Amino acid sequence: MHYAPGQEPCPLPYSPFKACTVPRPIGWISTLSKEGVANLAPYSQWQNLTFDPPMVMFAANQYSDGRRKHTVINAEETGWFVWNMCSFALKDAMNITAMEWPCGTDEFEKAGLEKAAAIDCAVPRVAASPAHFECRYLSTHRLRGNSNHGWVDVVYGEVTRIHLRDELVTPEGKLDYARIQPLARMGYHDYTVVTETFTMPIPGASGAAAAGLEGKA
């Protein structure tokens, strides 16, 4: 089976595109509007880019009427955003923040989430999240779509501060994934949760690669 997206009809009732790129970490992004209203929304098109310095990106499609996402506008206007790790325990709250709320709505309040203060910026963090990145906004790269909804803003940021809940770090100094149970997006409306991992070092690796690619950055 094969087809050319945008040129030929999809042979399946549901597009396999996102379903093939799995699992995808969730970019649960909090921002603050220039008026001081908190915003919180999940983005499954999220990833880290490099580690020296640590940089991240998230991609936000426009609304079908051509409006840009509040998260993007807030990051551009204030210069900051915060990534909050989403765990299995927070899945229902995350799903509430995925709803299309009117401009000026505080999704923390709608989802019943407690805020925690950041250090480098005024953007609130999700207090119950296992980990957070405070991110200084760098730039936005807008990519053309075939429809209003297809246009996408790719937002880049530099991580200036990393927060970890101490009780979720192992004695060896690593994240305890089994306790955290990070949530990830699959295709369609499907998700998965990390409950077990395995270790597989690169054969013959030395230096930073032997330490897990990112070293101690």
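Up top is the structure these notes are about.
Quick caveat: nothing in here was measured; it's all calculated off a predicted structure. (Residues numbered from 1 in each chain as written. Predicted model: local features only at pLDDT ≥ 70, side-chain atom pairs only at ≥ 80, totals over all residues. Heavy atoms only, no water.)

As a further point, take the environment of Pro54. Within the element layout of this structure, Pro54 appears in strand β5 (residues 54-61). A C-alpha to C-alpha distance of 30 Å links Pro54 and Met99, two positions 45 residues apart in sequence. (Helix = DSSP H or I, 4+ residues; strand = E, 2+ residues; numbered from the N terminus.)

For helix α2 (residues 70-78), the full list of buried residues reads His70, Thr71, Val72, Asn74 and Ala75. The inward-facing, buried residues of α2 abut β2 (27-32), β3 (38-43), β5, β6 (80-84), β9 (131-143) and β10 (152-164). (Buried < 20%, exposed > 50% of the residue type's maximum accessible area, 1.4 Å probe, protein only. Contact = heavy atoms within 4.5 Å.)

The calculated volume of the second largest pocket comes to roughly 1,200 Å³. What lines the second largest pocket is a set of 42 residues, among which Lys18, Gln45, Asn61, Lys69 and His149 lie closest to the centre. Of all the secondary-structure elements, those providing two or more residues to the lining of the second largest pocket are α1 (17-20), β3, β5, α2 and α3 (91-97). No other element matches β3, which puts five residues into the lining of the second largest pocket. (1 Å grid on protein atoms, 1.4 Å probe; cavity = no way out; pocket = protein on both sides within 12 Å on 5 of 7 lines; lining within 4 Å. Points joined across faces, edges and corners; volume = space filled by probe spheres on them.)

Here the focus is the state of the cysteines. With the rule as written, the count across this model stands at zero disulfides. In this model Cys10 remains outside any disulfide bridge; the closest cysteine sulfur is found in Cys20, 10 Å from its own. Relative accessible area serves as the criterion here: at 30%, Cys10 is assigned to the partly exposed category. (Disulfide = S-S within 2.5 Å.)

What follows covers the side chain of Asp153. For Asp153, the position within the fold is in strand β10. A relative accessible area of 1% means that Asp153 is categorised as buried. Within the local environment of Asp153, its side chain forms a polar contact with the side chain of Arg68, the two groups lying 3.2 Å apart. Apart from the residues within four sequence positions on either side, Asp153 is in contact with Phe58, Ala59, Ala60, Arg68, Val72, Thr140, His141 and Arg142. (Polar contact = N/O pair within 3.5 Å; in protein donor to acceptor, adjacent residues only side chain to side chain.)

A sheet is described by the order of its strands in space; here seven strands give the open sequence β3-β2-β6-β9-β10-β5-β4, paired in antiparallel fashion. A single partner strand is all that each edge strand has here, and the edge strands are β3 and β4 (46-51). Pairs of neighbouring strands in the sheet enclose a mean axial angle of 30°, with direction left out of account. Here β4 pairs with β5 via five bridges, running antiparallel. Each bridged residue has a counterpart across the sheet, and for Thr50 the counterpart in β5 is Met55. Against the sheet, α2 makes contact with β2, β3, β5, β6, β9 and β10, and its axis sits at roughly 50° relative to β2, the strand it touches most. (Pairing = 2+ DSSP bridges. Axes fitted to C-alpha atoms, helices over the stretch in contact; angles between N-to-C directions.)

So, about the sheet that holds strand β11 (residues 183-185). Within the open sheet, the three strands sit side by side as β1-β11-β12. Their pairing is antiparallel. Each of the sheet's edge strands pairs with one partner strand only, and the pair in question is β1 (24-25) and β12 (191-193). Bridging between β11 and β12 involves three bridges; their strand directions are antiparallel. Counterpart to Arg185 in the pairing with β12 is Tyr191.

Moving on to the side chain of Glu107. Tracing the sequence through the fold places Glu107 in helix α4 (residues 107-111). Buried charged residue Glu107 carries no salt bridge. Nearest counter-charge: Lys115, at 8.8 Å. A polar side-chain atom of Glu107 sits 3.2 Å from the main-chain amide nitrogen of Leu40. If we skip the residues at most four places from it in the chain, Glu107 touches Ala38, Asn39, Leu40, Thr97 and Trp101. (Lys, Arg positive; Asp, Glu negative; His and termini not counted. Salt bridge = Lys/Arg side-chain N within 4 Å of Asp/Glu carboxyl O.)

Looking now at the pattern of salt bridges. If charged atoms from side chains of opposite charge come close, those side chains can pair. Applying the stated criterion across every chain, the model contains nine salt bridges. Close ionic contact of Glu100 with Arg67 constitutes a salt bridge, the shortest N to O distance being 3.2 Å. Placement of the pair is Glu100 in the loop between α3 and α4 and Arg67 in the loop between β5 and α2, with a sequence separation of 33 residues. Arg67 sits in the partly exposed class, given a relative accessible area of 38%. In this structure, the salt-bridge partner of Arg161 is Asp120, at a minimum N-O distance of 2.9 Å. Linking Arg161 in strand β10 with Asp120 in the loop between β7 (115-116) and β8 (125-126), this pair joins segments that are 41 residues apart in sequence. The partly exposed category is assigned to Arg161, whose relative accessible area is 31%. Taken together, the shared-partner salt bridges in this structure form one network comprising Arg68, Glu76, Arg142 and Asp153.

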